[in-house]
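Summary of the model geometry
Chain by chain, the residues:
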4 protein chains.
Amino acid sequence: MVLVLSNGLQETEIKALVSRFEDEGFRTNLSYGAEAAILGLIGDTSRLNEDTLRALPCIENVIRVSAPYKLASRTFHPENTIVDVNGVRVGDSRHFTVMAGPCSVESEEQIISVAKDVKRAGAQVLRGGAFKPRTSPYSFQGMGQAGLELLKAARKATGLPVITELMSSNQLELFEDIDIIQIGARNMQNFDLLKEAGGFGKPILLKRGLSSTIKELLMSVEYLMAAGNANVIICERGIRTFDSYTRNCLDLSAVPYLQKETHLPVVVDPSHACGIAWMVPRLAKAAAAAGADGILVEVHNNPACALCDGEQSLTPAVFAGLMRDLAAYAALEGRTLGERCLH
Amino acid sequence: MVLVLSNGLQETEIKALVSRFEDEGFRTNLSYGAEAAILGLIGDTSRLNEDTLRALPCIENVIRVSAPYKLASRTFHPENTIVDVNGVRVGDSRHFTVMAGPCSVESEEQIISVAKDVKRAGAQVLRGGAFKPRTSPYSFQGMGQAGLELLKAARKATGLPVITELMSSNQLELFEDIDIIQIGARNMQNFDLLKEAGGFGKPILLKRGLSSTIKELLMSVEYLMAAGNANVIICERGIRTFDSYTRNCLDLSAVPYLQKETHLPVVVDPSHACGIAWMVPRLAKAAAAAGADGILVEVHNNPACALCDGEQSLTPAVFAGLMRDLAAYAALEGRTLGERCLH
Amino acid sequence: MVLVLSNGLQETEIKALVSRFEDEGFRTNLSYGAEAAILGLIGDTSRLNEDTLRALPCIENVIRVSAPYKLASRTFHPENTIVDVNGVRVGDSRHFTVMAGPCSVESEEQIISVAKDVKRAGAQVLRGGAFKPRTSPYSFQGMGQAGLELLKAARKATGLPVITELMSSNQLELFEDIDIIQIGARNMQNFDLLKEAGGFGKPILLKRGLSSTIKELLMSVEYLMAAGNANVIICERGIRTFDSYTRNCLDLSAVPYLQKETHLPVVVDPSHACGIAWMVPRLAKAAAAAGADGILVEVHNNPACALCDGEQSLTPAVFAGLMRDLAAYAALEGRTLGERCLH
Amino acid sequence: MVLVLSNGLQETEIKALVSRFEDEGFRTNLSYGAEAAILGLIGDTSRLNEDTLRALPCIENVIRVSAPYKLASRTFHPENTIVDVNGVRVGDSRHFTVMAGPCSVESEEQIISVAKDVKRAGAQVLRGGAFKPRTSPYSFQGMGQAGLELLKAARKATGLPVITELMSSNQLELFEDIDIIQIGARNMQNFDLLKEAGGFGKPILLKRGLSSTIKELLMSVEYLMAAGNANVIICERGIRTFDSYTRNCLDLSAVPYLQKETHLPVVVDPSHACGIAWMVPRLAKAAAAAGADGILVEVHNNPACALCDGEQSLTPAVFAGLMRDLAAYAALEGRTLGERCLH
């Protein structure tokens, strides 16, 4: 950690500051520039709070040299983490994982029908929301527990593992038999939820918040891992910018950057990113080209009647065409898609 | 609600669409422009979902004419709502309410000392965090339940009502004896928390999310009100932009705009907005000039040693000076500050 | 155009407003909703100013139904425009155009060496800056006119047409013999420059501004076209967001969206978007997968010594590898790259 | 300047790097942390380019300790600069300067009428646009040279000095007799314009770009000053964010921050910031409370018929009321307004 000291400090003040850090066990390195003195701290600075240090009148600025996330960092875990979900190996660089299904579970007929469609097209995981975060209290809030049961029925009918969103730790016990727990963008910094979900033991897919930096995203991953969970999948799903021609702005640079910074699988949700069905296939292919480990995509048997997010859902027929295209794109990156891998 | 229809529709398709809405009980009004046909819907459109409509291939765009928040809207409740907290009347246009105290409760000595200081200077509510949302799992997470007890001790010592942050509905029962429940920026769209806190019956201060639009903020207020709570205070605390010279960007336009749109009290948190202690008094005065109903401000007896957010805390002496300045500013808006109002 | 009228208007006020628009030659359509009256205007509304209308106390909101850009819109020009640059057909859906070269022209040896390298690897256009927009007045501002001469020398040596940035209309006469004029992101709304460059007759590549909406970008294209220029290439080069882990955020959704809205070629500049050399190939491939008509990419023979933007430049060897990969990606979209097309 | 070196460097590589900087005349200071080696450079680092250094494979990160703007920095010029415009002392901490007038000059009658109105209310400078930057090529582009003549006629009629916008250096000679040259937000990084306007010798008001950081704003000020101009007024006029309930987001924190970083006058344009007339007085008062040296505000005799930006203009009557309020606010900051100061 590098501290830029304030202008005009007395020599005695500087010495007192140096002593303070040495007493706390750090080695120090002081140098004088033309305009500022600089104090380097050597030791475990992860326990120092940058804001607290900046509050000291003698300190002008604080620069952290090493990443504040340890468990998530590739520095200390160079190999890829592969999250194995009933044989689906998310994060395996030889595979491209497609998770597909409707925004919301609406009925047994609907979810089983979509599940069969997406399986036939090659998807490996079924997605579907039972608890739905909605901006308005007057919008459909999801089927809740009944929706979870229908997801399990669809799993039984197709063999596809299921992913669905958890919105409150009060619901955690209902997720005992869910294969992947999704934590949504709006809850990315719901730290109590992260702690409890992290301690629950199931694989977790964490979505990037609408305006979260990559560093904040990795700190939220760190919450999950610090609670004992090594099976975290990170999902880029679009960020909020000044423009609104798409619902959010898909930030594909996040894919290679996250893969460099962390050992965890990185997937992309093009449906929520743009919110426009006809654009989803283009962005899904771009995600594969950017090196993503997979995608999370909305498919609905009748998008125009969907209870939520219909505008961004693909029909099963369009999805099947996309899967054919994606196979070719994934192949260019040395990845296969569409089959369960049983190693 | 106004629907812009897609180009190139057949007359029969348009008629089918019109019939569909009339069957659902809406009156309709169809007109043909040079480049698009436009369909007006008259009736209770709050139950229609804009995204679902946009997903229909025959609809190009959807424009909502009336606000989707009903309980929060000033249209249906023209008079100011005054939230009465043990005699402190937040939202009364004759008063300017100052809530002050440390970011975190650290010890009995600390919180009682600060409480006495801020009371002496004229603050009407004591703030202090017991449960703290922190970006890093390795940072101090607050004293928890013990911190709540210390807040109550400080209330007993000074008579000041207390406000503190709720992070999870699991902690709700601990807040029975807290005067104002704060819901933080990161939880503004934690909808489960909003529902449960809204049903709890205590006054609530809701902070705007880091990148929440004013409309989203009002929809989250609507969650609280739809759960039965009429005593909601809205807090502007800075938003995230492309620049980082301050921690966030205080959006003071939100104050007059919210006061026009809603009947609820609107306060400002200059401390979290800028994150820089020397700038807080300037922004606090600007908030008063912008017409805010009050401020929430961090005061610490020893900012340089604070366990969190020290950089943005005022010393009691600086705070006392600010209160003198604020009295003059508030007076220009016809408001008094610093005394409990007992009508 | 749809006008939402203010609440509480008298019938006579509404009639006066309707008459005013009918006197100006518009047909009108008035309807009454539950909460607002709505007035549709039919006719050439492109001459109406939305802000002026909103300033009328009787008008609450104004909604423009048709796009304000006419020449750029695909509605009135359904076929792709192909910009032919000495036989290089930018925007031809059977080709993927690669423009490559250094950020700045530094010397004859450098530019000819890079030009030969990128030609050998298959690039079709040579890029290189002679006039450089730099944030600091103390940074290298480019070689100016001498740089333009060196670009022409490199063109003579390789046959590659050249693209370079114009920063001021005072320099326009120097660009007589340049093949494509680039207008940079910081000048996207330098309207005087747009007018003069648009009237000059050369093909123009217009970069999206750092925080320009797609609509603003298309309006700036409209400036060029209204000045008589039909040969405009649009370039997405990254936008500014709240995060800074990359220099800018590449907004790939802009590619399919622009191609739907306009008939002009759309290319991507991954180098300026991310500002990080190792990430450029990933984003270049993603751009091809998103359907772009080409890329603009920085290549430098010695990036570590580059006078500007070295951090984001590829070495010729890395560029040659990227071109091999891109050929496979472009082929999946039915495009070839790397050869001059002479139809 | 502090360089964080890459992990895993050989001792010989580090030594070579140190030698390189010492050969260039810097003193160096090398220290080894737990995770990175850090190299401090002491000397005139303003000639080093951060991006070029980052491109070196041996350098991980570069941290600039001192500000890259020298002429604008308060460090080297502690006293306030007062820009004297025909006796109006902008930046004098005893005065608050109000510049008022219409968005566009429309006719002699209009501009003289408004000039008299704003003078009567206490404004000290007349504003009015002759050359207008408009998003659409089909919108009114201003009266041009004829508008400049009308401004001078209004000056003659009232004695008020005038400020108006320069959009191109080609028009510079027409501005010989203009009192303050305004450079607009969209041209803040039109570096050629900055150089030429900076060398012209007239006082300049520079508006912050829509998405310019404070640092970039100060670097553009530095362009003007490096070209020889010491009389620069900086104007905060709202920035672009994710929300659009106001046209832009007024960033009032910029006022105290700029006043700390620079010695130049800082004024605020509340009209363009919010774009909503009824909100302008609130924000003008907040600007005074934030410590601004003045405001730039739109006043129009008939806002509903204004040729541009009518929505944000005040009527002369509302403006006169605002001036009475502002006098009280300015007095709290020890400032007077409304009279020409002749020291």
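Please read these numbers as outputs of a predicted model, since none were measured by experiment.

Reading the values: rules and limits
Residues numbered from 1 in each chain as written. Chains lettered and ligands numbered in written order. Predicted model: local features only at pLDDT ≥ 70, side-chain atom pairs only at ≥ 80, totals over all residues. Heavy atoms only, no water. Domains from an automatic or database assignment. Least-squares fit on C-alpha atoms with pLDDT ≥ 70 in both. Contact = heavy atoms within 4.5 Å. Buried area = accessible area lost by both parts, 1.4 Å probe. Salt bridge = Lys/Arg side-chain N within 4 Å of Asp/Glu carboxyl O. Polar contact = N/O pair within 3.5 Å; in protein donor to acceptor, adjacent residues only side chain to side chain. Helix = DSSP H or I, 4+ residues; strand = E, 2+ residues; numbered from the N terminus. Nonpolar A, V, L, I, M, F, W, Y, C, P; charged D, E, K, R; others polar. pLDDT = per-residue confidence, 0-100. Core = buried A, V, L, I, M, F, W, Y, C linked by side-chain atoms within 4.5 Å. Buried < 20%, exposed > 50% of the residue type's maximum accessible area, 1.4 Å probe, protein only. Pairing = 2+ DSSP bridges. Axes fitted to C-alpha atoms, helices over the stretch in contact; angles between N-to-C directions. Phe/Tyr/Trp six-rings, centres within 6.5 Å; stacked < 30°, edge-to-face > 60°. Lys NZ or Arg CZ within 6 Å of the ring centre and 35° of its normal.

Take the domain arrangement of chain A next. Here the domain parsing of chain A yields domain 1 (2–63) and domain 2 (83–342). Of note, the centres of domain 1 of chain A and domain 2 of chain A, computed from C-alpha atoms alone, are 44 Å apart.

It is worth spelling out the relation of the copies chain D and chain C at this point. Screw-axis analysis of chain D against chain C gives a translation of 0.0 Å along the axis, an RMSD of 0.1 Å, and a rotation angle of 180°. As the rotation angle and translation indicate, the two copies are arranged about a two-fold axis. Closest approach to the rotation axis within chain D is made by the C-alpha atom of serine 211 of chain D, at a distance of 3.1 Å. Residue by residue, 100% of the interface of chain D is reproduced at the interface of chain C, so both copies engage with the same surface.

Contacts between chain B and chain C engage 22 residues on the former and 22 residues on the latter. Of the roughly 1,600 Å² buried where chain B meets chain C, counting both sides, 68% is carbon and sulfur surface. For the interface between chain B and chain C, the tally reads zero salt bridges. Applying the counting criterion to the chain B and chain C interface returns zero residue pairs in polar contact (both at pLDDT 80 or more). Counting residues per element, the ones that place at least two in the side of chain B that touches chain C are β1 (2–5), β2 (27–32) and β3 (37–42) of chain B. Here the side of chain B that touches chain C gets five residues from one element, more than from any other, and that element is β2 of chain B. For the side of chain B that touches chain C, a count of residues per class yields 12 nonpolar, six polar and four charged.

The next thing to look at is the interface of chain D and chain C. Opposite the 46 residues of chain D that make contact, chain C presents 47 residues. Taken together, the two surfaces of chain D and chain C that pack against each other cover about 3,900 Å², and 46% of this comes from carbon and sulfur. Summed over the shared surface of chain D and chain C, the result is two salt bridges. Where arginine 240 of chain C meets glutamate 216 of chain D, a salt bridge forms, and the shortest distance between an N and an O atom there is 2.6 Å. Of all the secondary-structure elements, those providing two or more residues to the side of chain D that touches chain C are α2 (50–55), α5 (191–198) and α6 (214–226) of chain D. With five residues, the single largest contributor to the side of chain D that touches chain C is α6 of chain D.

So, about the relation of the copies chain B and chain C. Superposing chain B onto chain C takes a rotation of 180° combined with a translation of 0.0 Å along the rotation axis, leaving an RMSD of 0.1 Å. Both copies present the same face, since 100% of the interface residues in chain B are matched by interface residues at the equivalent positions in chain C.

So, about the confidence of the model for chain A. Looking at chain A as a whole, the pLDDT averages 91, with 95% of positions reaching at least 70. Both scores are given for the predicted complex: the pTM is 0.92, the ipTM 0.90.

Core analysis: the largest hydrophobic core is formed by 317 residues, its most contacted members being Val98 of chain A, Val98 of chain B, Val98 of chain C together with Val98 of chain D. When near neighbours in sequence (up to four residues on either side) are disregarded, valine 98 of chain C contacts Ala123, Gln124, Val125, Ile295, Val297, Phe319, Met323, Leu326 and Leu337 of chain C. Counting residues in each nonpolar core, the second largest holds 18 residues, with Met1, Leu5, Phe26 and Leu56 of chain D among its members.

Residue and element names in this part refer to chain A. Read across the open sheet, the four strands follow the order β2-β3-β1-β4; overall the sheet is antiparallel. The sheet is open, and its two edges are formed by β2 (27–32) and β4 (59–63), each paired on a single side. Sheet twist, expressed as the mean angle between neighbouring strand axes with direction ignored, is 20°. Bridge count for strand β1 (residues 2–5) against β4 is four bridges, and the pairing is antiparallel. Residue pairing across strands places valine 2 opposite isoleucine 63, the latter belonging to β4. Running over the sheet, helix α1 (residues 11–23) touches β1, β2, β3 (37–42) and β4 and is turned about 155° from β2.

What the rule picks out here adds up to 18 aromatic pairs over all chains. A ring pair is formed by phenylalanine 191 of chain B and tyrosine 223 of chain B, whose centres lie 4.7 Å apart and whose planes are at 25°; its orientation type is stacked. One end of the pair, phenylalanine 191 of chain B, is in helix α5 (residues 191–198); the other, tyrosine 223 of chain B, is in helix α6 (residues 214–226), with 32 residues separating them in the sequence. On the basis of relative accessibility, which here comes to 1%, the residue phenylalanine 191 of chain B falls in the buried class. Just above the ring of phenylalanine 21 of chain A sits the side chain of arginine 20 of chain A; from NZ or CZ to the centre is 6.0 Å.

With respect to the helices and strands, phenylalanine 140 of chain A occurs in the loop between β8 (125–127) and α4 (145–158). For phenylalanine 140 of chain A and glutamine 189 of chain A, which are 49 residues apart along the polypeptide, the C-alpha to C-alpha distance reads 24 Å.

Moving on: the pattern of salt bridges. All names here are of chain B. Under the counting rule described, the total for this entry stands at 68 salt bridges over all chains. In this structure, aspartate 251 and arginine 208 form a salt bridge, with 2.8 Å as the shortest nitrogen-oxygen distance. Residue aspartate 251 is found in the loop between β12 (232–236) and α7 (254–261), and its partner arginine 208 is found in the loop between β11 (204–207) and α6; the two are separated by 43 residues along the sequence.

For the rest of this paragraph, the subject is the sheet that holds β3 of chain B. Residue and element names in this part refer to chain B. An order of β2-β3-β1-β4 is seen for the four strands of this open sheet, with the pairing classed as antiparallel. Each having just a single partner strand, β2 and β4 (59–63) make up the two edges of the open sheet. Adjacent strand axes in the sheet meet at a mean angle of 20° when their direction is disregarded. Of the pairings in the sheet, the one linking β2 to β3 comprises six bridges and is antiparallel in character. Looking at the pairing, tyrosine 32 lines up with alanine 37 of β3. In the packing of helix α1 (residues 11–23) onto the sheet, the strands contacted are β1, β2, β3 and β4, and the crossing angle to β2 comes to about 155°.

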